[in-house]
Amino acid sequence: MPRKASTTAPAKAPRKTSRKVASAAKQAAPIKTDVIHAGNCIEIMNSLPEKSVDLIFADPPYNLQLGGELHRPDNSRVDGVDDAWDKFESIAAYDKFTREWLAAARRVLKDDGGLWVIGSYHNIFRVGAALQDMGFWVLNDVVWHKTNPMPNFRGTRFTNAHETLVWCAKSPDAKYMFNYDAMKQLNDGTQMRSDWALPLCTGAERLKSDDGGKLHPTQKPESLLYRVLMASTQPGDVVLDPFFGTGTTGAAAKRLGRHYIGIEQDPGYIAAARRRIAAVEEIEDKQLLLTPSKRTEPRVPFGAVVERGMLQPGALLTDASGRFTARVHADGTIISSEHRGSIHQVGAAVQGAPACNGWTFWHVQNGSDRVSIDVLRQQIRAEMTQSIQ
């Protein structure tokens, strides 16, 4: 079950491995998915069944408050965000709009669902305050570090090289979805951090208008949505994007076996999104979309490794560096020079640590290499899985 990022209050929801099925009386009404609704996002969200979507990804207007056109040193015009949908009469008007769409989003979101909002320094702090005022529980703020940002042509400020994503649960005790193991595997076996280095949407991915310019000024890279959906949804979940634009969320959802609901006002964006999503090929083997959580895999005691003869009594175990050693006992305990107990207990004791995962700490010699004993556990688990099938 999920790990909560906040340390200011007790984490009430352990890491989640599967959603609890609600009773028939409490199940949300059916909702039509894999569609794009044309119109006002607040009105359309309020027309959807209550508590019917698993995740909301929102990329609302930035309210950039531009003071005129921006030009490069060669005097060419920067194709920035100057569209009508990003213009508000005042900050107060923007705040009112923010609270209205967030209220509609809260209504349609399941109690164990998640909400992601992305923004720039122009709006994300005001959105964040509204989220907390309305009872959402902030899990992380994630920094999208743009590896290829646009320079600050005027040289009056730092180059704006990031945007911020705020990830929320609906309440402090919500059993939200977090695919910890998938994120770790996506990051080459290392725990995923909250700073993500991903490039801006460029090249073939960037949709173009008839005149060759950007079709949408703030099109997000699909890699960003891929990571968001992998982190906080499961195949078959319903993802709502109230500011759908050219359909990045829908394309990523279809690619990952999720369902999408898009809301967009601009007919040109809607047409482009439909063409884009139609071109995405679905993965037929749905098992390829799943990352098994280690906590859901069959429990294997270390004694099973000894019983099966995969390690003999007296076998020497070491840590990865060879600094600590212990011998395997016939009953599945291990013995160091000063300690005896389970692989976890002895691993913690020799390090003077409060806890230890003995499976990853202890190694055995395999030729010229030291191999984690977790390899032996995985062999047994594979056998157990095959016998069930």
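Look a little higher up for the structure.
Residues numbered from 1 in each chain as written. Predicted model: local features only at pLDDT ≥ 70, side-chain atom pairs only at ≥ 80, totals over all residues. Heavy atoms only, no water.

1. So, the overall build of the chain
Here is step 1 of the chain: For the chain, the count of helices and strands is eleven helices and 14 strands.
Here is step 2 of the chain: For the chain, buried positions account for 44% of its 389 residues.
Here is step 3 of the chain: Long-range pairs, those at least 24 residues apart, make up 67% of the contacts in the chain between residues at least 6 apart in sequence.
Here is step 4 of the chain: Carbon and sulfur atoms make up 50% of the accessible area of the chain, which totals about 20,300 Å². (Helix = DSSP H or I, 4+ residues; strand = E, 2+ residues; numbered from the N terminus. Buried < 20%, exposed > 50% of the residue type's maximum accessible area, 1.4 Å probe, protein only. Contact = heavy atoms within 4.5 Å. Areas by Shrake-Rupley, 256 points an atom, 1.4 Å probe, with all protein chains shown as cover.)

2. Some thoughts on the side chain of T164
Here is step 1 of the chain: Looking at the element boundaries, T164 is found in strand β5 (residues 162-169).
Here is step 2 of the chain: Apart from the residues lying within four places of it in its own chain, the contact partners of T164 are V117, I118, G119, I124, D141 and V142.

3. Considerations on helix α3 (residues 124-133)
Here is step 1 of the chain: Within α3, burial applies to I124, V127, G128, A130 and L131. Buried positions in α3, seen along its axis, are confined to an arc of 165 degrees and lie on one side of it. Within α3, the exposed residues directed more than 90 degrees away from the buried face are F125, Q132 and D133.
Here is step 2 of the chain: For α3, the secondary structure elements touched by its buried residues are α2 (91-108), β3 (109-119) and β5.
Here is step 3 of the chain: Positive phi appears at G135, one or two residues downstream of α3, with a value of about 100 degrees. (Arc of directions from axis to C-beta.)

4. Observations regarding the nonpolar core
Soluble globular proteins tend to pack their nonpolar side chains together in the buried interior.
Here is step 1 of the chain: Ranked by internal contacts, the top residues of the largest apolar core, which has 36 residues, are F57, W116, L165, W196, L224, V228 and L229.
Here is step 2 of the chain: Among the elements that take part in this core, helix α5 (residues 222-232) stands out by supplying six residues, more than any other.
Here is step 3 of the chain: Excluding residues within four positions of it along the chain, V228 makes contact with L55, F57, W116, L165 and W196.
Here is step 4 of the chain: In this structure, I44, A104, A105 and V117 belong to the second largest nonpolar core, which totals 32 residues. (Core = buried A, V, L, I, M, F, W, Y, C linked by side-chain atoms within 4.5 Å.)

5. Some points on the side chain of S120
Here is step 1 of the chain: For S120, the position within the fold is in the loop between β3 and α3.
Here is step 2 of the chain: Looking at S120, its side chain comes within polar contact range of the side chain of H122, at 2.7 Å. (Polar contact = N/O pair within 3.5 Å; in protein donor to acceptor, adjacent residues only side chain to side chain.)

6. Structural notes on the sheet that holds strand β8 (residues 259-264)
Here is step 1 of the chain: Spatial strand order, β1-β8-β7-β2-β3-β5-β4-β6: eight strands in an open sheet with mixed pairing. For this open sheet the edge positions go to β1 (35-38) and β6 (195-198), each flanked by a neighbour on one side alone. Looking at each pair of strands side by side, their axes are set apart by 20 degrees on average, direction ignored.
Here is step 2 of the chain: The sheet contacts of α5 involve β2 (53-58), β3, β4 (137-146), β5, β6 and β7 (238-241), and relative to β6 the element is tilted by about 145 degrees. (Pairing = 2+ DSSP bridges. Axes fitted to C-alpha atoms, helices over the stretch in contact; angles between N-to-C directions.)

7. Considerations on the pattern of salt bridges
A side chain with one charge may pair with a side chain of the opposite charge, provided their charged atoms come close.
Here is step 1 of the chain: Counting across every chain of the model gives 14 salt bridges.
Here is step 2 of the chain: D54 serves as the salt-bridge partner of K110, at 3.0 Å between the closest nitrogen and oxygen. Here the residue K110 occupies a position in strand β3, and D54 occupies one in strand β2, the gap between them amounting to 56 residues.
Here is step 3 of the chain: Within the structure, one salt-bridge network assembled from shared partners comprises K51, D111 and K170. (Salt bridge = Lys/Arg side-chain N within 4 Å of Asp/Glu carboxyl O.)

8. Thoughts on the pairing of β8
Here is step 1 of the chain: A large share of β8 lies buried, amounting to five of its six residues.
Here is step 2 of the chain: Strand direction decides the pairing type here: β1 and β8, joined by four bridges, are parallel. By the bridge assignment for β8, I36 is matched with G262.
Here is step 3 of the chain: A crossover connection joins β7 to the parallel β8 through helix α6 (residues 248-255); in handedness this β-α-β unit is right-handed. (Right-handed = clockwise from strand over helix to strand, strands pointing away.)

9. A short note on the packing of aromatic side chains
Here is step 1 of the chain: Under the defined criterion, the tally for this structure stands at twelve aromatic pairs.
Here is step 2 of the chain: Judged by centre distance (6.0 Å) and plane angle (40 degrees), the ring pair of W116 and W196 falls under tilted. Note that W116 is positioned in strand β3 and W196 in strand β6, a separation of 80 residues in sequence.
Here is step 3 of the chain: Between the aromatic rings of F302 and W359, the centroid separation amounts to 5.9 Å while the plane-to-plane angle is 65 degrees, which identifies the pairing as edge-to-face. Within this pair, whereas F302 is found in helix α8 (residues 302-307), its partner W359 is found in helix α10 (residues 358-361), the two being separated by 57 residues in sequence.
Here is step 4 of the chain: Since its relative accessible area comes to 6%, F302 is described here as buried.
Here is step 5 of the chain: One Lys or Arg, K146, reaches over the ring of W144 and ends 5.3 Å from the middle of that ring.
Here is step 6 of the chain: The aromatic ring of W196 is capped on one face by R227, whose charged end is 5.1 Å from the ring centroid. (Phe/Tyr/Trp six-rings, centres within 6.5 Å; stacked < 30°, edge-to-face > 60°. Lys NZ or Arg CZ within 6 Å of the ring centre and 35° of its normal.)

10. Observations concerning the environment of G247
Here is step 1 of the chain: Structurally, G247 is set in the loop between β7 and α6.
Here is step 2 of the chain: Residue class for G247 comes out buried when judged on its relative accessible area of 0%.
Here is step 3 of the chain: Taking the C-alpha atoms as reference points, G247 and I36, 211 residues apart in sequence, are found 9.0 Å from one another.
Here is step 4 of the chain: Leave out the neighbours within four places in its chain, and G247 touches A273, R276 and I277.

11. Looking at the pairing of β4
Here is step 1 of the chain: Alignment of β4 against β5, held across eight bridges, turns out to be antiparallel. Across the sheet, residue D141 finds its bridge partner in β5, namely V166.
Here is step 2 of the chain: When β4 meets β6, the two strands line up parallel, connected through four bridges. Looking at the pairing, K146 lines up with L198 of β6.

12. Here we look at the environment of N152
Here is step 1 of the chain: Its place among the elements puts N152 in the loop between β4 and β5.
Here is step 2 of the chain: Setting aside its immediate chain neighbours within four residues, N152 contacts R157, F158 and T159.

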